[in-house]
Amino acid sequence: MMEERTNLMHMMKLSIKVLLQSALSLGRSLDADHAPLQQFFVVMEHCLKHGLKVKKSFIGQNKSFFGPLELVEKLCPEASDIATSVRNLPELKTAVGRGRAWLYLALMQKKLADYLKVLIDNKHLLSEFYEPEALMMEEEGMVIVGLLVGLNVLDANLCLKGEDLDSQVGVIDFSLYLKDVQALDGGKEHERITDVLDQKNYVEELNRHLSCTVGDLQTKIDGLEKTNSKLQEELSAATDRICSLQEEQQQLREQNELIRERSEKRVEMTKQDTKVELETYKQTRQGLDEMYSDVWKQLKAEKKARLELEKELELQIGMKTEMEIAMKLLEKDTHEKQDTLVALRQQLEDVKAINLQMFHRVQNAESSLQQKNEAITSFEEKTNQVMSSMKQMEESSSLEKELKSEKEQRQALQRELQREKDTSSLLRAELQQVQGLKKELRELQEEKAELQKVCDEQEQALQEMGLHLSQSKLKMEDIKEVNKALKGHTWLKDDEATHCKQCEKEFSISRRKHHCRNCGHIFCNTCSSNELALPSYPKPVRVCDSCHTLLLQRCSSSTGS
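The following paragraphs examine the structure supplied in this document. What you see is a predicted model; the values in this text were computed from it and never measured.

Here is what the cut-offs are and how they apply
- Residues numbered from 1 in each chain as written.
- Predicted model: local features only at pLDDT ≥ 70, side-chain atom pairs only at ≥ 80, totals over all residues.
- Heavy atoms only, no water.
- Patch = residues over 30% accessible without salt bridge, like charges linked within 9 Å, V, L, I, M, F, W, Y side chains within 5 Å.
- Areas by Shrake-Rupley, 256 points an atom, 1.4 Å probe, with all protein chains shown as cover.
- Salt bridge = Lys/Arg side-chain N within 4 Å of Asp/Glu carboxyl O.
- Helix = DSSP H or I, 4+ residues; strand = E, 2+ residues; numbered from the N terminus.
- Buried < 20%, exposed > 50% of the residue type's maximum accessible area, 1.4 Å probe, protein only.
- Core = buried A, V, L, I, M, F, W, Y, C linked by side-chain atoms within 4.5 Å.
- Contact = heavy atoms within 4.5 Å.
- Axes fitted to C-alpha atoms, helices over the stretch in contact; angles between N-to-C directions.
- Parallel < 35°, antiparallel > 145°, perpendicular 65-115°, else oblique.
- Nonpolar A, V, L, I, M, F, W, Y, C, P; charged D, E, K, R; others polar.
- Lys, Arg positive; Asp, Glu negative; His and termini not counted.
- Charge placed at Lys NZ, Arg CZ, Asp CG, Glu CD.

Another aspect to go through is a nonpolar patch on the surface. On the surface, Y292, W296 and L299 cluster together to form a nonpolar patch covering roughly 330 Å² of accessible area. Counting through the fold element by element, Y292 comes out in helix α11 (residues 193-395). Residue classification places Y292 among the exposed residues on the basis of a relative accessible area of 57%.

Attention shifts here to the nonpolar core. Ranked by internal contacts, the top residues of the largest apolar core, which has 58 residues, are F40, W102, L116, Y130 and L148. For this core, the secondary structure elements donating two or more residues are α1 (2-26), α2 (35-49), α3 (66-75), α4 (80-88), α5 (95-108), α6 (112-121) and α8 (139-148). Of all the elements, α2 adds the most residues to this core, at eight residues. Residue contacts for W102: discarding those within four places in its chain leaves F66, L69, V72, I82, V86, L112 and Y115. Within the second largest apolar cluster, 16 residues are counted, among which are F507, L532, C544 and L551.

Two elements in contact, α3 and α6, have axes whose closest approach is 10 Å; the angle formed by their N-to-C orientations is 95°. Between α3 and α6, the interaxial angle falls into the category roughly perpendicular. Packed against α3, whose contacting residues are P68, L69, L71, V72 and L75, the element α6 presents Y115, L116, V118 and L119 at the interface. Grouping the amino acids of the contact of α3 with α6 by side-chain chemistry returns nine nonpolar, no polar and no charged.

What follows concerns a positive patch on the surface. Together, K297, K300, K303 and K304 make up a positively charged patch on the protein surface. Mapped onto the elements of the fold, K304 is located in helix α11. Using a relative accessible area of 58% as the deciding quantity, one classes K304 as exposed.

What the rule picks out here adds up to 10 salt bridges. One salt bridge in this structure joins K117 and D121, with 3.3 Å as the shortest N-O distance. Of this pair, K117 and D121 both sit in helix α6, separated by four residues, roughly a single helical turn. R285 is the partner of D289 in a salt bridge, and the nearest nitrogen-oxygen pair spans 3.8 Å. Pair noted here: D289 and R285 are both in helix α11, with a separation of four residues, about one helical turn. D289 gets classed as partly exposed once you look at its relative accessible area, which sits at 43%. Each of E45, K49 and R100 takes part in one network of salt bridges that share partners.

This part covers a negative patch on the surface. A surface patch of like charges, here negative, comprises E440, E443, E446, E447 and E450. Tracing the sequence through the fold places E447 in helix α12 (residues 400-487). Look at E447 and you get partly exposed, because its relative accessible area is 43%.

Let's shift gears to unusual backbone geometry. Although it is not a glycine, K110 adopts a positive phi angle of roughly 60°. With respect to the helices, strands and loops of the structure, K110 is situated in the loop between α5 and α6. One non-glycine residue, E504, lies in positive phi territory at about 60°. Looking at the secondary structure, you find E504 in the loop between α12 and β5 (514-515). What makes E504 exposed here is its relative accessible area of 61%.

Given below as structure tokens:
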């Protein structure tokens, strides 16, 4: 590093010396094509690059001397013009090109030495960019600043436009300085012949390197010519586009003027409308205040009604609990009444059997009574005949034999009459018994009618109780269904069921899963294709076949009852 510093310092001295000599011979005014000036900038670039730290980024390694030159803008406000002009140049795309442009502008302002002196005085800022043994951090930097003061006598006219500062190769051309070596005394020329040969070999190697760089530059020039032609074509297209855009801009301006005039008219109309609306607003504000007071009163009334509804809801909840208790008691009563109904039916069957027996006995007694009445009438006819014959016998007393025979017949008839009287008394007794049986039969018939009435009333009561029980059971089932719907069925998850609940077929892509909205189980499409309206759903929903038949039976039983 120390040898490099000394070599660069000697090269800087030599380049400044050659530059001043050539400037004095040409008249102190230099341009960008002057070879010693170009070599001065190359040597200056090497001095600024010496010991420069490499900054790593995502793109790659960056080693540019424009970073420390940017510090001059902060330390010296006069250098802000240079920095802004360098940043505004569109041709410069790299940091190296911007650093070279900065050196050109600083030399034209004759303040290159002053700016570099400001940098070297603030070495604590340069330590961020340079190594500790770099030329700008050591005493050689101050020596170079002192040498640069001599360049303030020169006038440099450098044009940055059109200069390709990004792709220039910064190689020191020693051929400019070999002439000075040849101009030395003749005695020293013999001693340094070997150095000249070495320099000659170096120059040849440098020429080969420059030829390679010239080839690369030629390819770059060809590429730039192609891009230039493309840019010219794009420029022509852009000019055409600009003309069309200008025409569109003119049209848009005319449209904007029309729109502005229309908007002004609309603004005037809206101002008038707003005035009218303001007046109407003031008028309607009073009505709105009155409406607000009315609405506030209605809100209070609705709050009171809501409180009353909440109280009624609580009462309905209590009534619901009481209804559940009453339904349980009703179920118990229905069971007891069913038992009593069975006992009453058995008693009714017994009474019917007794009535049949009594009816048969009454029929038998009536038939026997008719037979006895017929016998009594026949016996009365015979007694009448006997009496008539006795009268005839009394009137005619001519024949005693006949009288005796008649007496004997009379005695026989009296006996028979006595017998008939006995039988008639027996028949009368039996008749009395039959009449008593008739009374008993009437009483039994009355009891039967009363029992029939009681039985009919009980059957009617039982039918009414059955209707009431069926209705209460339906209501209970509806309440249970509603409670189930409110509490939620045991809704099976899709992962829990792999087979259909009814047909037990395995689910697949073609046989999909469907929930029954009544029982909550999972069925296939064929086993759950029916739809019915449930209490917990306002529209007909999917139910399984078993739930469908059960609900239809309930509906038919409720409609039949």
